[in-house]
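# Observations on the model geometry
As a plain string of letters, each chain reads:
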Amino acid sequence: MLQCHAKNCNSNNYPLQLSKVEVVNQETEFNPMFLRNMLPKLEWNALVKTAFQINVTLPNALPESSTDELDEEFLKTLHRVLLETHIQQGQMTCPNCNHVYHIKDGIPNMLLDETEA
Ligand SMILES: [Zn+2]
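What comes next is a walk through the structure. Since the model is a prediction, treat every value here as computed from it, not as a measurement. (Residues numbered from 1 in each chain as written. Predicted model: local features only at pLDDT ≥ 70, side-chain atom pairs only at ≥ 80, totals over all residues. Heavy atoms only, no water.)

### With respect to the nonpolar core
With 25 residues, the main nonpolar core has Trp44 and Leu78 as its most contacted residues. Breaking this core down by element, the ones donating at least two residues are helix H2 (44-53), helix H3 (72-84) and strand S3 (100-104). (Core = buried A, V, L, I, M, F, W, Y, C linked by side-chain atoms within 4.5 Å. Buried < 20%, exposed > 50% of the residue type's maximum accessible area, 1.4 Å probe, protein only. Helix = DSSP H or I, 4+ residues; strand = E, 2+ residues; numbered from the N terminus.)

### A look at the packing of aromatic side chains
Enumeration according to the criterion identifies one aromatic pair in this entry. A ring pair is formed by Trp44 and Phe74, whose centres lie 5.8 Å apart and whose planes are at 45 degrees; its orientation type is tilted. Taken together, the residues Trp44 in helix H2 and Phe74 in helix H3 connect sequence positions 30 residues apart. Of the two residues, Trp44 and Phe74, both sit in the buried class. The ring of Phe30 carries the charged tip of Lys76 above its face, separated from the ring centre by 5.4 Å. (Phe/Tyr/Trp six-rings, centres within 6.5 Å; stacked < 30°, edge-to-face > 60°. Lys NZ or Arg CZ within 6 Å of the ring centre and 35° of its normal.)

### With respect to the pairing of S3
Burial along S3 is one-sided: Tyr101 and Ile103 are buried, while Val100, His102 and Lys104, pointing the other way, are not. Between S3 and strand S4 (residues 107-108), which pair antiparallel and follow one another directly, the connecting turn spans two residues, one of which, Asp105, has a positive phi of 50 degrees. (Pairing = 2+ DSSP bridges.)

### A short note on the pairing of strand S2 (residues 85-93)
The pairing of strand S1 (residues 17-25) with S2 spans seven bridges and is classified as antiparallel. Bridging across to S2, Gln17 finds its partner in Thr93. For S2 and S3, the ladder comprises four bridges, and the chain directions are antiparallel. Following the sheet pairing, Gln91 is matched in S3 by His102. Hairpin remark: S2 followed by S3, antiparallel, with six residues in the connecting loop; positive phi at Asn98, about 65 degrees.

### What to know about the environment of Phe74
By relative accessible area, which is 8% here, Phe74 ends up buried. With 15 residues separating them along the chain, Phe74 and Pro59 place their C-alpha atoms 8.7 Å apart.

See below:
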């Protein structure tokens, strides 16, 4: 999950707020095991917010991995968000300092201007 890199911007600096995004979908093979293994490493709250910005709704709380709640439908949504959705163009704004990062050709430019670094 991307966070702000601006100097002295150390709190409330992720997730960056997406805007003007252009999203492409690339189908990849659905791999439930891979997703289950990935779950503990995710910043769930940040992911929910980011997904919402690209019109995907995820549950507010991460379902317990030991229960059946972690059903296939949930994993498929996660698969779509994490592995199939690519942001081609857009902007990301820091919720704390309002610094704007640009995404071009699928690559976020996290560099800061010299005056800001
Ligand atoms: Zn910031």
